[in-house]
Amino acid sequence: MTELAAVKAALKTQAIETPSWAYGNSGTRFKVFAQQGVPRDPREKLDDAAKVHEFTGAAPTVALHIPWDRVDDYAALAAHAEERGVRIGAINSNTFQDDDYRLGSICHPEAGVRRKAVDHLLECVDIMDATGSRDLKLWFADGTNYPGQDDLRSRQDRLAEGLAEVYERLGEGQRMLLEYKFFEPAFYATDVPDWGTAYAHCLKLGEKAQVVVDTGHHAPGTNIEFIVATLLREEKLGGFDFNSRFYADDDLMVGAADPFQLFRIMYEVIRGGGYTSETAFMLDQCHNIEAKIPAIIRSVMNVQEATAKALLVDGEALAAAQRAGDVLEANAVLMDAYNTDVRPLLRELREESGLAPDPMAAYRADGWQERIVAERVGGEQAGWGA
Ligand code: PSV
Ligand code: MN
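Numbering of residues begins from 1 in every chain and follows the order in which that chain's sequence is written. For naming, the first written chain is A and the first written ligand is 1, with later ones following in the order written. A pLDDT threshold of at least 70 governs which residues receive local features in this predicted model, and a stricter bar of 80 or more applies before side-chain atom pairs are shown or counted, although totals over entire chains, interfaces and linings include all residues. Hydrogens are left out, water is left out, and the side-chain values use all remaining heavy atoms of the structure.

A. Representation of the packing of aromatic side chains in the model. Side-chain rings of Phe, Tyr and Trp (the six-membered ring for Trp) are treated as a pair once their centres are within 6.5 Å; stacked means planes under 30 degrees apart, edge-to-face means over 60, and tilted covers the remaining angles. Enumeration according to the criterion identifies 14 aromatic pairs in this entry. A ring pair is formed by Y275 and F281, whose centres lie 6.3 Å apart and whose planes are at 55°; its orientation type is tilted. A 1.4 Å probe rolled over the protein chains alone gives each residue an accessible area, and that area as a share of the maximum for its type sets the label: buried under 20%, exposed over 50%, partly exposed in between. In this structure Y275 comes out as buried when scored by relative accessible area, which is 19%. Put simply, the rings of W21, W68, F96 and W139 pair up and form one aromatic cluster. A ring is considered to have a charge above it if a Lys NZ or an Arg CZ atom is located within 6 Å of its centre and within 35 degrees of its normal. We note K116 situated over the ring of Y101; from NZ or CZ to the ring centre the distance is 5.5 Å. Taking NZ or CZ as reference, K309 lies 4.6 Å from the ring centre of Y338, over its face.

B. Region of interest: the sheet that holds strand β3 (residues 87–92). Strands sit in the order β1-β2-β3-β4-β6-β8-β9-β10 across an open sheet of eight strands; the sheet is parallel. Either end of the sheet is taken by a strand with one partner, and the two such strands are β1 (18–19) and β10 (280–283). Across the sheet, helix α9 (residues 292–311) is in contact with β1, β9 (237–242) and β10; its angle to β10 comes to roughly 145°. By this definition, two strands are paired if DSSP reports at least two bridges between them. We count a stretch as a helix when DSSP gives it H or I for four or more residues in a row; a strand needs E for two or more, and each element gets its number in order from the N terminus. We call two residues in contact whenever any of their non-hydrogen atoms come within 4.5 Å of each other. Here an angle of 0 to 180 degrees is reported between the N-to-C directions of two axes, which are lines fitted to C-alpha atoms, with helices fitted over the stretch in contact.

C. Quick peek at the site of ligand 1. Around ligand 1 lies a shell formed by H65, F96, K137, W139, E179, K181, D214, H217, D241, D249 and D284. The separation between an oxygen atom of ligand 1 and a polar side-chain atom of D214 is 3.1 Å. In the environment of ligand 1, an oxygen atom lies 2.9 Å from a nitrogen or oxygen atom belonging to the side chain of D249. Look at ligand 1: alone it shows 300 Å² of surface, and the protein chains cover 90% of it. Gly is placed with the polar residues, together with every amino acid not listed as nonpolar (Ala, Val, Leu, Ile, Met, Phe, Trp, Tyr, Cys and Pro) or charged (Asp, Glu, Lys and Arg). Within the shell around ligand 1, the residues separate by chemical class into two nonpolar, two polar and seven charged. One heavy atom suffices: a residue is near a molecule or strand as soon as one of its heavy atoms comes within 4 Å of it. Distance and chemistry together define a polar contact, namely a pair of N or O atoms within 3.5 Å, with one atom able to donate a hydrogen and the other to accept it when in protein, and with adjacent residues in sequence counting only for side-chain atoms on both sides. Under the convention used here, a 1.4 Å probe and the Shrake-Rupley method define accessible areas, while residue burial counts only the protein chains that appear.

D. Geometry of helix α1 (residues 3–12). Turning to α1, its buried residues number three or more, namely V7, K8, A10 and L11. The buried residues of α1 occupy one face: seen down the axis, they fall within an arc of 160°. Those residues of α1 that are buried are in contact with α9 and α12 (343–352). The arc in question is formed by the directions pointing from the helix axis toward the C-beta atoms.

E. Molecular detail of the UniProt feature "domain: Xylose isomerase-like TIM barrel" (unreviewed entry) in the protein. Per the UniProt record, the feature "domain: Xylose isomerase-like TIM barrel" (unreviewed entry) sits at residues 71–248. Summarising residues 71–248: 40% helix, 17% strand, and an end-to-end C-alpha distance of 32 Å. UniProt positions are given in the numbering used here, feature names are shortened, and annotations may be inferred rather than shown by experiment.

F. Broad picture of the coordination of the manganese ion (ligand 2). The donor set covers N, O and S atoms within 2.8 Å of the metal, switching to 3.2 Å for Na, K and Ca, and it leaves out water, so a site may look short of donors. At 2.1 to 2.2 Å from the manganese ion (ligand 2) lie its protein donor atoms, namely E179 (OE), D214 (OD), D241 (OD) and D284 (OD). Only four donors with every angle between 85 and 135 degrees are called tetrahedral; only four or six donors with opposite donors over 155 degrees apart and all others between 65 and 115 are called square planar or octahedral, in that order; all others are irregular. Seen from the manganese ion (ligand 2), its six donor atoms lie at angles of 69 to 164°, and the figure they make is octahedral. If you list the donors of the manganese ion (ligand 2) from N- to C-terminus, the spacing comes out as E-x34-D-x26-D-x42-D. Here the residue D241 occupies a position in strand β9, and D284 occupies one in the loop between β10 and α9, the gap between them amounting to 43 residues. Taken as a pair, D241 and D284 share a single burial class, namely buried.

And the structure:
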């Protein structure tokens, strides 16, 4: 295989998971702007996700969020997805939207609330059994707003206990992916604030527990690719929630705010042997003012572009420059790959796979957007909490 053929072959295997919630209405705490044609139920979300896959060829799975995507029959929902050409991916739990969770969920001081939270997580594993999902994605809003509000150490003990019960319930081939986030909604202390805390819990739990890196969950200036390299080295990187941030957890399109950072992350993924199906490459985004389906298509393309550039890094030249201590040359090797216009390569690749070269234009020409605007009238649009 020529080098370019190897790059193309690697790109053809790429699978990016899209989140069901990105197809629904979303907003800030100030306003949710409703859009026409937005899905009214989980099936319609899957229909939209299928369109993203149809035009990109790179988004074969869709993450669900429980209870936002609660249905009576999950096996039937999975069958609906497959009919449309996609599959259900990670199951995301929600232990943050009930009044009971004011002081936390699995870290809550009261045993009754902790029980309720753990039961919800166990229910999510039941759903995984029905949908055939591999990953349970856990993000906890748990934390405290004031010093002294609760005992930091006891909260860690409760967290460990709750996670252990859920871990025991995981079946063959199932995993739990633990997300960290440095602040919000708690402002003083968050119970899983950083990769170190997530790593420590996952290490104790065992190999089915892995850390997930949400790119929007770090303080400004954090070297995320270093975290990626370290987690891969420790065999504890379960996957990504990709999105972009300028200020906080902005959930903007991945690769929009800082495409160079995304390239550096993908370079470390490839360098560390993480470019396999063992790593879940998921989007965790919300499209508040832009059209949702095209925004998700654009996001998938942004990940593809960053990956193509990362695959183009001349590893031998880089290693030689590093060995020689040639700082400028080593940096130039990396920048050469980053500065390559990979769009023609990706267009070619799509045509080889029987896809339109420009997924954005193909979606525009397809008529799906006009159809859903015309047909999805009445009913309640999906959105946060719906
Ligand atoms: C909240 O920060 C969050 O974005 C987490 O990252 C979860 O993955 C997602 O919401 C869905 O619960
Ligand atoms: Mn996330």
